[in-house]
Amino acid sequence: MFSKTRVTETRPTPDAAPQAAPVAPERSTPEAQAPASAPRARVAPSVLSADLTVTGNIKTQGDIQIEGTVEGDIRAHQLTIGETATIKGEIVGDDVIVNGRVIGRVRGLKVRLTATARVEGDIIHKTIAIESGAHFEGSVQRQEDPLNNGGTKKLAPPTE
């Protein structure tokens, strides 16, 4: 059938000792392939508690849940703003869920404002859901790639 020997390799003679070491790296078992092909393991999100105030930017490739106050920009994979949270700055994420207060721009592939959300600023999204009862002041703009920094221009003020 198929052979893993290379054309330039010489096959061992029956009298020679078996060469298991060179063959071992070429072969792979299903267990060795599992981490590379398996989806990323779900890890619990980092949580900033309600009594915590952060001044500065936060950046993670993982998930984060904020219950406290942040004065700065936040970038995460999945970002959940809790009901007690107040964010003053831009928030960027693949999946953004706002339950609390945001003063600043929101950019996300999927943005959801729940009934308890209070957002003052522009939302740039690929998909958006705004529940009944959410308070929103600003503009909404749909983009194919809202996470791209170059593609998000500040909207011009209305002309009179």
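For the structure itself, look to the data block above.
In this report, we go over the structure that sits alongside the text. (Residues numbered from 1 in each chain as written. Predicted model: local features only at pLDDT ≥ 70, side-chain atom pairs only at ≥ 80, totals over all residues. Heavy atoms only, no water.)

With that settled, the discussion passes to the sheet that holds strand 5 (residues 69-71). Strand order across the open sheet formed by six strands is 2-5-7-9-11-13, with parallel pairing between neighbours. Edge strands, defined here as strands with exactly one partner in the open sheet, are strand 2 (53-55) and strand 13 (135-137). Across the sheet, the mean angle separating the axes of adjacent strands is 5° when strand polarity is ignored. Here strand 2 runs beside strand 5; their pairing, made up of three bridges, is parallel. Opposite Thr 55, over in strand 5, you have Glu 71 as the bridge partner. (Pairing = 2+ DSSP bridges. Helix = DSSP H or I, 4+ residues; strand = E, 2+ residues; numbered from the N terminus. Axes fitted to C-alpha atoms, helices over the stretch in contact; angles between N-to-C directions.)

Right, let's get into the pattern of salt bridges. On inspection of all chains with the given rule, the structure shows five salt bridges. Across the pair Lys 126 and Glu 144 runs a salt bridge whose closest N-O atoms are separated by 3.8 Å. In this pair, Lys 126 sits in strand 12 (residues 123-130) while Glu 144 sits in the segment after strand 14 (140-142), placing the two residues 18 residues apart along the sequence. A salt bridge links Glu 144 to Arg 142; the nearest nitrogen and oxygen atoms lie 3.0 Å apart. Exposure remark for Arg 142: the relative accessible area of 48% places this residue in the partly exposed category. One salt-bridge network, in which partners are shared between bridges, spans Glu 90, Arg 105 and Arg 107. (Salt bridge = Lys/Arg side-chain N within 4 Å of Asp/Glu carboxyl O. Buried < 20%, exposed > 50% of the residue type's maximum accessible area, 1.4 Å probe, protein only.)

Keep in mind these values describe shape, not function.
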